[in-house]
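Listed here are the chains, written in short residue letters.
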Amino acid sequence: MKLYNTASKKIEKFQPSNPNDVKIYTCGPTVYSAPHIGNFAAYIYWDLLIRTLKANGYTIRRVLNLTDVGHLTSDGDTGEDKLEKGAKREGKTVWEVADYYIKTFKDGFKKLGLIEPTKWARATDYIEQSEALVEKLIENNFTYETADGIYYDTSKFSNYADFANLDLENLKAGARVAYSDEKRNPSDFAVWKFIKPGEDHAMRWDFLGRPGYPGWHLECSSIIHTELGEPIDIHTGGVDHIPVHHTNEIAQTYGAYNESLAHTWLHCNFITIDGKKISKSLGNIITLEDIEAKGYSVFDYKLWLYQGHYKAERNFTWDDLESAKNRRLSWRNKIALLYQTKTKPETIPDFKEQLLEKLSDDLNSAAAFAYVDASTDQIAIEDWKYISELFGLNLIPDDLTNKVIQRIHQRNDARDKKDWAIADQIRDDLLKDGVSLLDTSSGTYWQLTK
Ligand code: AMP
Ligand code: ZN
């Protein structure tokens, strides 16, 4: 299996230190507002990563964090804490806001059929470990104190700029006016923020003799240290994490433990609408519920994403979603037909291997899909099941086919007894499930409509 590693900036053969325990960490959502389809894109792409690794025989141990504290509205340690902001907006406590959006996120995760991580890690469950990490950084002389917190001195880490190819000199020149006098370098970042007397910040912990809360980047380094142990095999996130969040995670882990954080770093790109990144502030948000309300399945959205590549920016349109739906529907009906034809097609003997090989080339799902399309008349039911599982597309679940076959039998019985009302009822019920029946002289056939 080959992956493009942001750290080495090249495609590499994936070689975990232990194939029976591949350690993966995914930066999770800040749980302060409803997730949109752009937010879910990352988890859909990384779900394909997990499934491809599994298909290649690896055993995975994966942690996904939930940020419920410390993520400020700006990446530069200024602005409001997003959770506090969400609480004010909704007239709830920060804990209620976090609980609510954790549930919303997990519901979406489930609806999309994404494989659950081995562990969901909530930032506020790791405060002690995060404090211990700050203590280590202080002990190792990587920090300094200002009026509003403990800051990481990035000049102490000579490789700080390498991961993101940062031009620190330029950053300094550009930021001379913008950054606080107390920060020694513009790239320095808070590992712990102090709460000033009278400051309205509900989530607070006493540490270093006063109330405060952790800096946003801290949780990922401390959760990885606690749950997986660095260096991990794969760390995933969005491209926006490269210059600040991941750069700072790497710096913290180096400063505290003198370790590298991860071997392979993977970053996915943004989803746009009319060329603009989907985001709350632009008001161009689409949710999973919006997709369903327009008569699409969330699996159509998944398939649309997999028609492209995780590293490429993708522009979403409803027309393209319609094409994705049609492709998925055509595949589903190929399978439906196989269940209803007596003559079995001549199949490609190494179909699964060929498909997996294409996908294992840095998750080239588009090439894998092209291979499926070119082979549709030679794919056996077993191979279709493999495709469905490999991409998590829910093409034809066994319970659906079993139900259709059973209901058609019941309808035939009703028709034999001339019980037309029941026969019609069964037809209407199936149609609601997206199954239409076609009566012919040689029997009743079924087709999927959505
Ligand atoms: P935000 O709450 O806007 O910071 O988003 C949380 C994470 O979701 C970001 O770090 C991004 O990696 C991801 N994200 C946000 N908007 C998009 C988008 N339009 N497309 C893909 N990913 C996104
Ligand atoms: Zn992170």
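Heads up: the structure comes first, above all this text.
Just so you know, these numbers come straight off a predicted model, no measurement behind them.

### Some remarks on the layout of surface pockets
Part 1: One number sums up the size of the largest pocket: a volume of about 1,100 Å³.
Part 2: Lining the largest pocket are 47 residues, and of these Tyr32, Asn39, Lys82, Asp240 and Lys277 lie nearest its centre.
Part 3: Counting residues per element, the ones that place at least two in the lining of the largest pocket are helix H1 (37-55), helix H2 (82-90), helix H3 (94-111) and strand E11 (232-238).
Part 4: In terms of residue count, H1 provides more of the lining of the largest pocket than any other element does, six residues in total.
Part 5: Per-class residue counts for the lining of the largest pocket are 21 nonpolar, 19 polar and seven charged.
Part 6: Both of domain 1 (2-268) and domain 2 (273-391) provide at least three residues apiece to the lining of the largest pocket.

### What to know about the packing of helix H12 (residues 365-375) against helix H13 (residues 381-391)
Part 1: Look at H12 against H13: their axes get within 13 Å of each other, and the N-to-C directions meet at 165 degrees. Put simply, H12 runs roughly antiparallel to H13. At the point where H12 passes H13, the crossing takes the left-handed sense. Between H12 and H13, the residues in contact are Ser365, Ala368, Phe369 and Val372 and Trp384, Ile387 and Phe391, respectively.
Part 2: Residues of the contact of H12 with H13, tallied by class, amount to six nonpolar, one polar and no charged.

### Digging into the coordination of the zinc ion (ligand 2)
Part 1: Within the first shell, the zinc ion (ligand 2) binds the protein through Cys27 (SG), Cys220 (SG), His245 (NE2) and Glu249 (OE), at distances of 2.1 to 2.2 Å.
Part 2: Classification of the site at the zinc ion (ligand 2) as irregular follows from its four donor atoms and the range of 82 to 129 degrees in their angles at the metal.
Part 3: Counting along the primary sequence, the residues that act as donors to the zinc ion (ligand 2) give the motif C-x192-C-x24-H-x3-E. You can see Cys27 sitting in the loop between strand E3 (22-26) and H1 and its partner His245 sitting in helix H7 (residues 242-257), a full 218 residues away along the chain.
Part 4: A residue is classified by how much of its surface remains accessible, and Cys27, at 5% relative accessible area, is buried.
Part 5: Its relative accessible area of 2% is what places His245 among the buried residues.

The rules behind these values
By convention here, each chain's residues receive numbers from 1 onward along its written sequence. Chains carry letters from A onward and ligands carry numbers from 1 onward, assigned in written order. Local features in a predicted model are, by the rule used here, given only for residues with pLDDT of at least 70; side-chain atom pairs are given and counted only at 80 or more, and totals for whole chains, interfaces and linings are based on all residues. Processing note: side-chain calculations cover all non-hydrogen atoms of the structure and skip hydrogens and water entirely. Here a cavity is any set of points on a 1 Å grid over the protein atoms alone where a 1.4 Å probe fits but cannot get out, and a pocket is any open set with protein on both sides within 12 Å along at least 5 of 7 lines; a residue lines the site when it has an atom within 4 Å of a point. Grid points are joined across faces, edges and corners, and a volume is the space filled by probe spheres set on the points. Each helix is a run of H or I in the DSSP string that is no shorter than four residues. Each strand is a run of E no shorter than two, and both are numbered from the N terminus. Residues are grouped as follows: Ala, Val, Leu, Ile, Met, Phe, Trp, Tyr, Cys and Pro are nonpolar; Asp, Glu, Lys and Arg are charged; every other residue, Gly included, is polar. Domain limits in this description derive from either an automatic procedure or a database domain assignment. For every element, the axis is a line fit to its C-alpha atoms; helices are fit only across the contacting stretch, and the angle between N-to-C directions ranges from 0 to 180 degrees. For classification, angles of less than 35 degrees are called roughly parallel, those exceeding 145 degrees roughly antiparallel, those between 65 and 115 degrees roughly perpendicular, and all remaining angles oblique. If you view the pair so one helix is near and one far, a crossing is left-handed when the near helix is turned anticlockwise from the far one by less than a right angle, and right-handed when it is turned clockwise. A contact between two residues is defined here by any heavy atoms of the two lying within 4.5 Å. Note that water is not among the atoms used; donors are N, O and S atoms within 2.8 Å of the metal (3.2 Å for Na, K and Ca), so sites may look incomplete. Irregular is the default label, applied whenever a site is not tetrahedral (four donors, all angles between 85 and 135 degrees) and neither square planar nor octahedral (four or six donors, opposite donors over 155 degrees apart, all other angles between 65 and 115). Exposure categories follow from relative accessible area, calculated using a 1.4 Å probe and restricted to protein chains: below 20% of the type maximum is buried, above 50% is exposed, and the middle band is partly exposed.

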